[in-house]
Amino acid sequence: MKNFVDCSFITNFSDTTNLFILDCRFDLFNKNAGYEYYKKEHIPNAFYLDINKDICGKQSVHGGARPLANIYDLSKKLTSIGIEMNSTIVIYDTMIYSSPRTFLQLKYMGYKNVYILNGGFNAWKSNKLPTTSKIPLPRGNSTFKENLNTTMVCDMNYIKNSIENNNVVLIDSRDNDRYTGKVEPLYSKPGHIPGAINIPWHKNIDNFGYVKDLSEVDANFNNLRNKEIITYCGSCIEACINYALLDELSYNVKTYVGSISDWISYDNNIVQS
């Protein structure tokens, strides 16, 4: 797979000076949980990046609950760690949940060799590989060279212009109960963007946090091969899981980063249930 690697990729990596492991464990309802997990134990030499503080930008009136990070703020963090544009970067979380959001952000910024650890920290533990509570020292300053891949993402106006386009499909990546509006724990307007179909992210990830067989994943996106696909969710966490998988399968895909939290920030935008 081009976007996902297994634990042996890390353990067998020859040039460890150019390998950077990023822990981005995250809990949607507990903002401190990820760092607490990291402090307790993590993959040796892994650096922690906070999804809310580092990987996502500050929430405003519009733009969604977790907009793209300010690239200059995030690049300062990455360069202080020692990450170069050609470094090999492996991102993990508990299984596969928040790591694809970091993947999207870094690929958007122009980092080329970015991978998601299939199965996450649970896979590392289940393989009885060593863990540590020792926080690694930064490896010295490196250089960030802006090279934004703007085709990966889109904004609310792009969505509005795409709703009536038969060649574009919006995929709501949340659970079906949130898609239908039956349940909405976070936002004031339940439901989905008009015309969106529902393919929950967890249809493509097994109960242990591994990507399902790619033929099964491909089948879940049946009949969409010739379409432009836009993934979204609540705040662009779950949308990135489907994005990484669709990109893996070479679909024409981008992500609406603002997602439903941005969509409902405009009073005139309709939500369906």
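Residues numbered from 1 in each chain as written. Predicted model: local features only at pLDDT ≥ 70, side-chain atom pairs only at ≥ 80, totals over all residues. Heavy atoms only, no water.

### Remarks on unusual backbone geometry
1) Next: Although it is not a glycine, Asn-45 adopts a positive phi angle of roughly 75°.
2) Next: Mapped onto the secondary structure, Asn-45 falls in the loop between α2 (33–40) and β3 (46–48).
3) Next: Its identity as a non-glycine residue notwithstanding, Cys-236 has a phi of 70°, on the positive side.
4) Next: Take Cys-236: it is sitting in the loop between β9 (228–232) and α10 (238–248).
5) Next: When its relative accessible area of 0% is taken as the criterion, Cys-236 is described as buried. (Helix = DSSP H or I, 4+ residues; strand = E, 2+ residues; numbered from the N terminus. Buried < 20%, exposed > 50% of the residue type's maximum accessible area, 1.4 Å probe, protein only.)

### Some remarks on helix α4 (residues 71–81)
1) Next: Listed in full, the buried residues belonging to α4 are Ile-71, Leu-74, Ser-75, Leu-78, Thr-79 and Ile-81. Across the axial projection of α4, the buried residues extend over an arc of 150°, all falling on one side. Exposed side chains of α4 directed beyond 90 degrees from the buried face belong to Asp-73 and Lys-76.
2) Next: The distance from a side-chain oxygen at the start of α4 to the backbone nitrogen of Tyr-72 is 2.9 Å, and the residue carrying that oxygen is Asn-70. (Arc of directions from axis to C-beta. Polar contact = N/O pair within 3.5 Å; in protein donor to acceptor, adjacent residues only side chain to side chain.)

### Focus: the packing of aromatic side chains
1) Next: Counted according to the given criterion, the structure contains 11 aromatic pairs.
2) Next: Arranged with centres 5.2 Å apart and planes meeting at 50°, the rings of Tyr-35 and Tyr-48 form a pair that is tilted. Of this pair, Tyr-35 sits in helix α2 while Tyr-48 sits in strand β3; the two residues are 13 residues apart in sequence, bridging distant segments of the chain.
3) Next: Residues Tyr-38 and Tyr-48 carry aromatic rings whose centres are separated by 5.3 Å and whose planes lie at 35° to one another, so their mutual orientation is tilted. Here Tyr-38 is found in helix α2, whereas its partner Tyr-48 is found in strand β3, with 10 residues between them in sequence. Both residues of the pair, Tyr-38 and Tyr-48, count as buried.
4) Next: Here a set of aromatic residues connected by ring pairs shows up, and it is made of Phe-9, Phe-13 and Tyr-115.
5) Next: The cationic tip of Arg-25 hangs over the ring face of Phe-121; the distance from NZ or CZ to the ring centre is 4.3 Å. (Phe/Tyr/Trp six-rings, centres within 6.5 Å; stacked < 30°, edge-to-face > 60°. Lys NZ or Arg CZ within 6 Å of the ring centre and 35° of its normal.)

### As for the nonpolar core
1) Next: Leu-106, Met-109 and Tyr-111 are the most contacted members of the largest nonpolar core, which totals 54 residues.
2) Next: Elements with a minimum of two residues in this core: β2 (19–23), α3 (51–55), α4, β4 (88–92), α5 (99–109), β5 (113–117), β7 (168–172) and α10.
3) Next: Counting residues per element, this core draws most heavily on α10, at six residues.
4) Next: Excluding its chain neighbours within four sequence positions, the residues that come into contact with Leu-106 are Leu-22, Leu-74, Leu-78, Ile-89, Ile-91, Tyr-111 and Val-114. (Core = buried A, V, L, I, M, F, W, Y, C linked by side-chain atoms within 4.5 Å. Contact = heavy atoms within 4.5 Å.)

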